[in-house]
Amino acid sequence: MVKKLICIVFLFLISFFYLHQKINIYVEAYKLDDNRKIYNDLVHTLDDIRYHFYKRVSLSKINLWLEKQNFDFAKEKIVLVLNKGSSPRGYDDYSKKNNIETPFLASYFFRFFNFSIVPKTLAGVP
Amino acid sequence: MKSKSIKLNEYFLIFIFSLLFLGLIFRIVHLQIFKREFLQKFALKQHYKLIPIKGERGRIFDTRGRLLATDISVFSVYADPRSIENKVRAVKLLADILGLNEKELLDKFNKERDFVWVKRKITLDIKKRIESLHIKGIGFIEDKMRFYPQGELLSHVLGGVNIDNDGIEGLELFYDTELKGKDFSLLVRRDSVSNEIILSPQDLQSQRGKDIFLTIDAQIQYWVESYLAQTVKEYSAKGGSVIVMQPFTGEILALGNYPTYDPNYISSTPLELRRNLAITDFFEPGSVFKVVTLMASLDKGFFSLNDKIFCENGKYKIPGSILHDWKPYGHLSFKDVFKKSSNIGVAKIANALGKEYFYNYIRKLCFGEKTGVDLPGESSGMVKDLKNWSKTSPYIIPMGQEIGVTVLQLARLIASVVNGGYIVKPHVVKRIVGDKGFTKEIQLESEEIVSSKITNRAKEILVEVVEEGTGKLAKIDGLTVGGKTGTAQKFDFQLGRYSEDAHRASFVGFVEKDSLCFVICVTIDEPQNVHLGGVVAAPLFKKIAQNLIDYQNAVVKEVVSLPLQ
């Protein structure tokens, strides 16, 4: 009797897990298909944006605008200033006070990872 | 008696049921064995669906990574005319949005079919507008369309594709195998309400073709095309071509023809406009070909630079014709013959070299051969075999008549003068980048044909042509400019002689500053009013050269990053 019962429970469990897995696969498949549709929609939107962007901002149009605004080649030294967001406060104040340039990498490390790679002598400055 | 009849009934029933079972067994055997394949296919068709996914073509970039060609997703509209309820209303709405002819569309919808194309390749926003109309019987199929973001820019080099995205012109044709993506099909299962579900693990990305990076700079190309168009319009010319080339590597930085076309609409462009004239058409170059005579005479060493040549005061009888100079000259030095572009002087110099030597020299400089540029339809030009030379030929071929060359061949000639005597292989593709970082760099090919001593002397004379000779309008202060002007009469095939009105004005030369050096070849076909190469083509050369050097020189010297205040 016990053997039979164990056998029935065992068969039930196997069937249960089999069906559970089967249903899971179908659920995942539906999800995957939904994601594929979302992905396709995004690709279509991206392509549409790209198409309209280039229709309005082609190289020829940029050049025509530059000519209209009388832009010309710079004959002298060019200095590009990039406004890249806030940098470590303490270090920045110190560097300004002491006329030291903020190392490019150091400020980025601080901004994104919130830790400084500035040499110890400077890192200690409040 | 009664039991006997019951037994008979039993047998009868057994017989009937046996027959039924036998029938069933036969049917099962028929379905399971004889119709197995058909039914299996039928079931697969009902339960599974193959969604074709088109492989994207590779993208094309210029040398600085500016996008020149890419595939974008678009949609093709189709209709099932039988399902459309109000055809007149549907036609009116669709024709308005899609810009179609109402009558033609109605004719399509009145056909006894269950599928007709309404319009191929429309954009997403138009699709959304149509969807919002909720017209029954209208559907969409996803498609890919080749898109050239820069419009007409570089059209003759890029070429174009047909409706099936196969290359039909230019780079699209030449590198079709590399650019073409691999199509694949996605297997999906359909549930009871026809929802598509992906059950088997599959790679959802089709294989995109390889990306191509060009040697061409779109900014330089823009200048070339816009200045060329200005010049052609200014002189009411038939057309023109310009090539800008790096003389040491053979990299083509710009290649422009006028008239041009928009590759986005290549299917509706006349074939005439699609031709890349700079490489497919050969013409009699006129005086620019005197550079060959100059190199040949320097190489043979017959003349020193200051040898005097009598130029017959502008009129010289040769076998079968009379040669004229554009201005009468008496005695000119060897250098001045080329500086002042004297036809008579050049004819006398070439005659002294001997026709066999001169013919072999033309061949040595690879005229009459394709340059091997990676573009389709290149012409090899036309060089008459020595045995076909007439008595006039040795006098007029050295000044660029009775010989056919392409603009690209002229660019290669000037490149060999500038680079110390090497014949380079011109090319427009720098590298091909495939999936997973695979990169193929295009190998440079060059062969030494003339010693650098000779080319240096030729180069000096070409600089003097611009400083003091016929090419003065190409002169740029602060830069070393050298070149040769050319004004060739065109042959009139109807009259059977050279035309008095139709000319080709050309200027081939180079510009140098410090380590920067470029070859620029300009040719204008049939300019009106003024037809001199030194007046029509040289100023165009100057405008391009000036911008080219400024552009290449304009480097950002210093970058300072400041925090946001």
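Residues numbered from 1 in each chain as written. Chains lettered and ligands numbered in written order. Predicted model: local features only at pLDDT ≥ 70, side-chain atom pairs only at ≥ 80, totals over all residues.

## Quick look at the overall build of chain B
The criterion, for reference: Runs of E in the DSSP output that reach at least two residues are strands. Runs of H or I that reach at least four are helices, and both are numbered from the N terminus. The reference for a compact globule is 2.2 Å times residues^0.38; the radius of gyration itself is calculated from the C-alpha atoms. Partly exposed residues are those falling between the two cut-offs: more than 12 but fewer than 20 other C-beta atoms within 10 Å of their own, whereas 20 or more means buried and 12 or fewer means exposed, with C-beta atoms placed from the backbone. In this description, any two residues whose backbone-derived C-beta atoms lie within 7 Å of each other are considered to be in contact.
When helices and strands are tallied, chain B shows 19 helices and 26 strands. A compact globule built from 565 residues should have a C-alpha radius of gyration of about 24 Å, whereas chain B, at 35 Å, is more than 25% larger. Taken along the three principal axes of its C-alpha coordinates, chain B extends 150 × 75 × 50 Å. Burial status across chain B gives 42% buried among its 565 residues. Sequence-distant contacts, at least 24 apart, represent 71% of the contacts inside chain B between residues at least 6 apart.

## Here we look at the overall build of chain A
A tally of helices and strands in chain A yields 5 helices and 1 strand. Listed N to C, the secondary structure of chain A is α-α-β-α-α-α in terms of helices and strands. The proportion of buried residues among the 126 residues of chain A is 9%.

## Quick notes on unusual backbone geometry
Residue and element names in this part refer to chain B. The omega torsion across Tyr258 and Pro259 is 5°, close enough to zero to call that bond cis. Among the structural elements, Pro259 can be located in the loop between β12 (252–258) and α10 (271–274). Residues other than glycine seldom take positive phi values, yet Glu402 does so here, at roughly 60°. Note that Glu402 resides in the loop between α16 (393–396) and β18 (403–404). The class for Glu402 is partly exposed, based on 18 C-beta atoms found within 10 Å.

## Digging into the packing of helix α3 (residues 87–98) of chain B against helix α4 (residues 102–109) of chain B
Residues and elements named next belong to chain B. For clarity, the cut-off: Note on definitions: angles span 0 to 180 degrees between N-to-C directions of axes, and those axes are lines fitted to C-alpha atoms, for helices only across the stretch in contact. Any angle that is under 35 degrees is reported as roughly parallel, and any over 145 degrees as roughly antiparallel; angles of 65 to 115 degrees are reported as roughly perpendicular and all others as oblique. Working rule for handedness: look at the near helix, and if it is turned counterclockwise from the far one by less than a right angle, call the crossing left-handed; if clockwise, right-handed. Ten residues, namely Ala, Val, Leu, Ile, Met, Phe, Trp, Tyr, Cys and Pro, are considered nonpolar, four, namely Asp, Glu, Lys and Arg, are considered charged, and the remaining ones, Gly among them, are considered polar.
Following both chains from N to C, one finds α3 and α4 inclined at 135°, their axes separated by 9 Å at the closest point. As judged from the angle between their axes, α3 and α4 are oblique. Here α3 runs over α4; the crossing is right-handed. Across from Lys87, Val91, Lys92, Leu94 and Ala95 in α3, the residues of α4 making contact are Glu102, Leu105, Leu106 and Phe109. Of the residues assigned to the contact of α3 with α4, the class counts are 6 nonpolar, no polar and 3 charged.

## A look at the domain arrangement of chain B
Quick note on the threshold: By convention here, the domain bounds are inherited from an automatic or database domain assignment.
Domain annotation for chain B reports domain 1 (72–147) and domain 2 (218–553). For domain 1 of chain B and domain 2 of chain B, the distance between their C-alpha centres works out to 53 Å.

## Describing the environment of Lys87 of chain B
All names here are of chain B. Looking at where Lys87 falls in the secondary structure, it is placed in helix α3. For the pair Lys87 and Ile135, spaced 48 residues apart in the sequence, the C-alpha separation amounts to 9.6 Å. Residues within four places of Lys87 in sequence aside, it is in contact with Leu106 and Phe109.

## A look at the sheet that holds strand β1 (residues 48–53) of chain B
Residues and elements named next belong to chain B. The line we're drawing: We treat two strands as partners when DSSP finds at least two bridges between them.
The strand order β1-β8-β9 describes an open sheet built from 3 strands, whose pairing is antiparallel. Unpaired on one side and paired on the other, β1 and β9 (196–197) mark the two borders of the sheet. Across 6 bridges, the pairing between β1 and strand β8 (residues 184–190) is antiparallel. Residue pairing in the sheet places Leu50 in a bridge with Leu187 of β8.

## Some points on the pairing of strand β14 (residues 315–318) of chain B
Residue and element names in this part refer to chain B. In terms of strand pairing, β14 meets strand β15 (residues 321–324) through 4 bridges, oriented antiparallel. By the bridge assignment for β15, Ile318 is matched with Ser321. Hairpin remark: β14 followed by β15, antiparallel, with 2 residues in the connecting loop; positive phi at Gly320, about 85°.

## Some thoughts on the confidence of the model for chain A
Residues and elements named next belong to chain A. Our working definition: Per-residue confidence from the predictor is reported as pLDDT, which spans 0 to 100.
Summing up the model confidence of chain A, the mean pLDDT is 73 and the portion of residues at 70 or higher is 58%. Helix α5 (residues 120–123) is the least confidently modelled element of chain A, averaging 38 in pLDDT, while helix α2 (residues 59–68) averages 90, the highest of any element. Predicted confidence for residues 114–126 stays below pLDDT 50, and this span has 20 contacts to residues more than four positions away or in other chains.

## Observations regarding the packing of helix α12 (residues 290–300) of chain B against helix α14 (residues 343–353) of chain B
Residue and element names in this part refer to chain B. It is at 10 Å that the axes of α12 and α14 come closest, and there the two elements cross at 45°. By the angle class used here, α12 and α14 are oblique. Note that α12 runs across α14; the crossing there is left-handed. Packed against α12, whose contacting residues are Lys290, Thr293, Ala296, Ser297 and Lys300, the element α14 presents Val346, Ile349, Ala350 and Leu353 at the interface. Taken together, the residues that form the contact of α12 with α14 break down as 5 nonpolar, 2 polar and 2 charged.

## A few points about the sheet that holds strand β24 (residues 497–513) of chain B
Residues and elements named next belong to chain B. Taken in spatial order, the 5 strands line up as β12-β11-β25-β24-β23 in an open sheet, and their pairing is antiparallel. A single partner strand is all that each edge strand has here, and the edge strands are β12 and β23 (480–492). Adjacent strand axes in the sheet meet at a mean angle of 10°, parallel and antiparallel pairs treated alike. Here strand β11 (residues 239–245) pairs with strand β25 (residues 516–525) via 7 bridges, running antiparallel. Directly across from Ser241, in β25, lies its bridge partner Thr523. This element, helix α18 (residues 452–468), spans β23 and β24 of the sheet and lies at about 75° to β23.

## Some words on helix α19 (residues 533–553) of chain B
All names here are of chain B. For clarity, the cut-off: Expected helix span is taken as 1.5 Å per residue step, with the number of steps being one fewer than the number of residues.
Its 21 residues place the ends of α19 28 Å apart at the C-alpha level, agreeing with the 30 Å of an ideal helix rising 1.5 Å per residue. Along α19, the residues that are buried comprise Gly533, Gly534, Val536, Ala537, Ala538, Leu540, Phe541, Lys542, Ile544, Ala545, Leu548 and Ile549. Buried residues belonging to α19 abut α9 (218–234), β11, β23, β24 and β25.

## Considering the confidence of the model for chain B
The share of residues in chain B with pLDDT of 70 or more is 96%, and the mean pLDDT across the chain is 89. Ranking the helices and strands of chain B by mean pLDDT puts β11 of chain B first, with 97, and strand β26 (residues 558–562) of chain B last, with 52.

## Details of the pairing of β25 of chain B
Looking along a regular strand, one sees the side chains alternate between the two faces of the sheet. All names here are of chain B. Along β25, 8 of the 10 residues are buried, which leaves the element largely enclosed by surrounding structure. Pairing of β24 with β25 involves 10 bridges; the strand directions are antiparallel. Looking at the pairing, Ala505 lines up with Ile524 of β25. Here β24 folds back onto β25 in antiparallel fashion, the turn holding 2 residues, of which Asp514 has a positive phi close to 50°.

## Topic: the environment of Phe17 of chain B
Residues and elements named next belong to chain B. As for its position among the elements, Phe17 is in helix α1 (residues 2–34). Look at Phe17 and you get exposed, because 10 C-beta atoms sit within 10 Å. When the C-alpha atoms of Phe17 and Asp336 are compared, they prove to be 118 Å apart, with 319 residues separating the residues in sequence.

## Notes on the environment of Glu356 of chain B
Residue and element names in this part refer to chain B. By secondary structure assignment, the location of Glu356 is in helix α15 (residues 355–364). Given 11 C-beta atoms within 10 Å, Glu356 falls into the exposed group. Separated by 38 residues in sequence, Glu356 and Pro394 place their C-alpha atoms 9.2 Å apart.

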